[in-house]
Amino acid sequence: MFRFKSYDSELRPSSPRRYVFVCLGNINRSAFADVVAQSKGLNSISIGLSTTTGAPATETAIEVGDQYGVNLRNHRATNLTDYKYREGDALFVMELRHIKRLLESGLPRESINVLGQWARPRRIHLHDPHTLSPDFHFTCMGLIFSAIVHIASLRE
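The model shown is predicted, which means the values in this text are computed figures rather than measured ones.

S.K.: Hey, could you run me through the packing of aromatic side chains in this one?
M.R.: Any aromatic ring pair is given by two values, namely how distant the centres are and how the planes are angled relative to each other. On inspection of all chains with the given rule, the structure shows six aromatic pairs. Here Tyr19 and Phe92 contribute two aromatic rings whose centre-to-centre distance is 6.0 Å and whose plane-to-plane angle is 15 degrees, an arrangement assigned as stacked. One end of the pair, Tyr19, is in strand β1 (residues 18–23); the other, Phe92, is in strand β3 (residues 89–93), with 73 residues separating them in the sequence. Ring pairs connect the aromatic residues Tyr19, Phe21, Phe92 and Trp118, which therefore count as one cluster.

S.K.: Is there a simple way to think about the environment of Leu154 in this case?
M.R.: On the secondary structure map, Leu154 appears in the segment after α4 (134–153). According to the relative accessible area criterion, Leu154 is partly exposed, its value standing at 46%. In this structure, the C-alpha to C-alpha distance between Leu154 and Glu87, residues 67 residues apart in sequence, is 20 Å.

S.K.: What is the right way to look at the environment of Leu107 in this model?
M.R.: As for its position among the elements, Leu107 is in the loop between α3 (96–104) and β4 (112–114). C-alpha of Leu107 to C-alpha of Tyr85: the two residues are 22 residues apart in sequence and 7.5 Å apart in space. Among all residues touching Leu107, those that are not within four sequence positions of it are Leu80, Tyr83, Tyr85, Leu91 and Leu102.

Calculation criteria
Residues numbered from 1 in each chain as written. Predicted model: local features only at pLDDT ≥ 70, side-chain atom pairs only at ≥ 80, totals over all residues. Heavy atoms only, no water. Phe/Tyr/Trp six-rings, centres within 6.5 Å; stacked < 30°, edge-to-face > 60°. Helix = DSSP H or I, 4+ residues; strand = E, 2+ residues; numbered from the N terminus. Buried < 20%, exposed > 50% of the residue type's maximum accessible area, 1.4 Å probe, protein only. Contact = heavy atoms within 4.5 Å.

Below you can see the structure in the form of structure tokens.
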């Protein structure tokens, strides 16, 4: 059984070759994280644990993304089953329950990270904003944005 430690905040692997952002639908949180990461010069992709490959970002995510200067109009979701793990991938989940799904899919524990560990303020659980208000989307995306900025600064 997996146990999460609150101090578990070292990047895994320590020098990622590719940053992989994971959420459920890959139409809000991980999509946003991917575009922000790319804007910071990180080699990244995003995937969903239960989505339809090719699905666009939600309208609310697109609108909130615009407020952060993040364009999600061209985003297309990728389902976990269409993802191919590469040596050096660092996977970043939004919720602890996502870790279990990744492990069940055979992905190595040493490559899995909790994105909220790098958010300011720190959040272990970045709740899915999908059916919630634009204000909640904005708050969630702000936490994701801060986490990506922090992670990108580790490479400098």
